[in-house]
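# Fold and contact review
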Amino acid sequence: MASRISRRMWMKSSAALTAAAAAGPMAVAQGPKNIVIASSNGKEACRKAMEMIKAGEDTLDAVVAGVQTVELDPTQHGVGYAGLPNEDGVVELDASVMHGPSRRCGSVAGVRMVKTPARLAKLVMTETDHVMMVGQGADQFAKDMGFKLEELLTDESRLAWLVWKKSVRDKKGHTNWSSEVETGNATAELKELFPNVDEKTLAWAREMAIHPITGTINCLALNSKGEMSGVTTTSGLAWKIAGRIGDSPIIGAGLYVDQDVGGAGSTGRGEENIRIAGAHTIVENMRHGMTPQEASLDALKRISRNFKDDKARLAQFDINFYALRKDGLYAGTTLWTYESGAQKYNPVFTVNDGGESRHEKCVPLYERRA
Ligand code: ASP
C-alpha cells in the first residue's frame, strides 16, 4: 500500500527541518550527493568509502571496503580480527550488508574463522539465493569462496579474556581460574598472575574485563546518483554466551536500507535494538515524513518505553542509531550522554561529505546526571 504523509505530519516534519537546519550543518539536506556516515570508529572507513564513491564505484563495494579497514585492524577489539571473544575465549563475528539499487541483502553470524565478515555477507547476497548464513556453515561457505580460514583471537584479546575469567567469582569470592589466596583483580595482583605482561597492557586488559568496549561499526553511503547502501559488522558483546547473536547481522535491526527512503543502522546493546526492529523502524519513520533525527529519537523512545522509561534500568546500557535519508539529510543519536568522573561526554558519529572524515555530536535522548 502506498504510504501517504498526513498534512499534520508534513507540517511537523517541515517545521522540524527548518529548526534542524537552523541548528547547524548536520541537518541541512541538499539532495543526493556523495556522503558517508558511520559510528565513531569509522573515520578511516568513511575516508576509504568516499574515495571509492568519488571514483565511481558501487556504494556497497565502497562501504564494505571501508569497514574492512576496521575489521583488519588488530587494535580495534570490537570488530573483526582481534575482536574480544565469547565466554569460551572464541571470537564470533556477525555482519550484514544491504544494497539499495538491487534491493538485496546478505548477512552472516557466529563466524569464527574469517577476518572480514562484511565481505562474506556480501557474497551471501551475490553468490547465493539465501540471505543469512551462520556458524560452521558460514565458515565453510567462506572457505568455498576462497577465504583463508584463520584464528581471530590475538594475544591481547586472549589476555583480556583471561583477566575476565580470573575476575569472575562466585558469591564466596572464589574463582576456579586463580588460587584461593588471590582476593581481587587489582592490577598489582594481576601482575603476579601475568608476570611477563607489562603494566600498561595489564591495566588495559583489566579495563576490558570490567568495561568491555562496544566497537561495532555501521556505515551508510549515498552517492550523487541517489544510490544507497549500508553495512554493519561486529564481534558482538564481549564475554557473550557462545552462539549469542546480536542485532548487527539482523536485517531490520542492526541495518536497513530502502532505496526509496534512506538507511539506518545501530551500535550498542543489540538485544534492545532487536526488540524494536530499530533500523527498519527508523526507515519507516522517515518514509512517513520524519527527519533522520526525529525518526531515530522515536526509535530510542520505543526502547525507553520497553523499560517503562525507568532511567535506572536504562542507565545499564548504551545504544546509538545512525540514519541517512535519500536527500542527504543525516543524524546520529544516542540513548545517553556518558560520564567519566566529573566529565560529561557527548557520543559522536562520523561524517564524510567529500573532504576529511569528521566527528559530529550524537543527539541524546537522555542526559546523564552526575
Ligand atoms: N550491537 C552489537 C551487538 O549487540 C554490539 C555493539 O555495538 O557493540 O552485538
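A brief report on the enclosed structure follows. Since this is a predicted model, take the numbers as computed values, not measurements.

### Re unusual backbone geometry
Most peptide bonds take the trans form, and the phi angle of most residues other than glycine is negative. Of note in this structure, W239 is not a glycine but carries a positive phi near 65 degrees. In this structure, D309 is a non-glycine residue whose phi angle is positive, near 55 degrees. By the element assignment, D309 lies in the loop between α11 (292-306) and α12 (311-314).

### Quick notes on the pairing of strand β2 (residues 93-99)
In terms of burial, β2 is a largely internal element, seven of the seven residues being buried. In β2, alternate side chains face the same way, and those of L93, A95, V97 and H99 on one face and D94, S96 and M98 on the other are all buried. For β2 and strand β3 (residues 104-111), the ladder comprises six bridges, and the chain directions are antiparallel. Within β3, the residue paired with A95 across the bridge is V108.

### A short note on helix α10 (residues 278-287)
Turn by turn, an α-helix covers 3.6 residues, leaving residues three or four places apart pointing in a common direction. Taken across its 10 residues, α10 has seven buried, putting it largely inside the fold. Contacts made by the buried residues of α10 are with β7 (255-258), β8 (262-268), α9 (270-276), α11 and β9 (319-325). One or two residues past the end of α10 sits G289, with phi positive at roughly 110 degrees.

### Topic: the pattern of salt bridges
Under the counting rule described, the total for this entry stands at 21 salt bridges. The shortest N-O distance in the salt bridge between E150 and K148 comes to 3.9 Å. A residue is classified by how much of its surface remains accessible, and K148, at 62% relative accessible area, is exposed. Put simply, R103, D258, D260, E284 and R287 are held in one network by salt bridges that share partners.

### Here's the deal with the sheet that holds β9
Sheet architecture is open: five strands sit in the order β7-β8-β9-β10-β15, paired in mixed fashion. The open sheet terminates on both sides in strands that have one partner only, identified here as β7 and β15 (363-366). Within the sheet, the average angular offset between the axes of one strand and its neighbour, ignoring direction, is 15 degrees. Sheet topology note: the β8/β9 ladder contains seven bridges and is antiparallel. Counterpart to G265 in the pairing with β9 is Y322.

### Structural notes on the packing of helix α6 (residues 155-167) against helix α8 (residues 199-210)
A pair of packed helices can be characterised by two numbers: the angle between their axes and the separation between those axes. Two elements in contact, α6 and α8, have axes separated by 8 Å at closest approach and are oriented at 60 degrees. Taken together, α6 and α8 sit at an angle that is classed as oblique. Crossing of α6 over α8 shows right-handed handedness. For the pair α6 and α8, the contacting residues are E156, S157, L159, A160, V163 and W164 in the first and T201, L202, W204, A205, R206, M208 and A209 in the second. Taken together, the residues of the contact of α6 with α8 sort by class into nine nonpolar, two polar and two charged.

### Here we look at a nonpolar patch on the surface
A grouping of V131, M132 and V134 is seen on the molecular surface, where their side chains present a nonpolar patch of about 230 Å² in accessible area. Within the secondary structure layout, V131 lies in the loop between α4 (117-127) and β4 (132-134). You can call V131 partly exposed: its relative accessible area is 40%.

Criteria and thresholds
Residues numbered from 1 in each chain as written. Predicted model: local features only at pLDDT ≥ 70, side-chain atom pairs only at ≥ 80, totals over all residues. Heavy atoms only, no water. Helix = DSSP H or I, 4+ residues; strand = E, 2+ residues; numbered from the N terminus. Buried < 20%, exposed > 50% of the residue type's maximum accessible area, 1.4 Å probe, protein only. Pairing = 2+ DSSP bridges. Contact = heavy atoms within 4.5 Å. Salt bridge = Lys/Arg side-chain N within 4 Å of Asp/Glu carboxyl O. Axes fitted to C-alpha atoms, helices over the stretch in contact; angles between N-to-C directions. Parallel < 35°, antiparallel > 145°, perpendicular 65-115°, else oblique. Left-handed = near helix turned anticlockwise from the far one by under 90°. Nonpolar A, V, L, I, M, F, W, Y, C, P; charged D, E, K, R; others polar. Patch = residues over 30% accessible without salt bridge, like charges linked within 9 Å, V, L, I, M, F, W, Y side chains within 5 Å. Areas by Shrake-Rupley, 256 points an atom, 1.4 Å probe, with all protein chains shown as cover.

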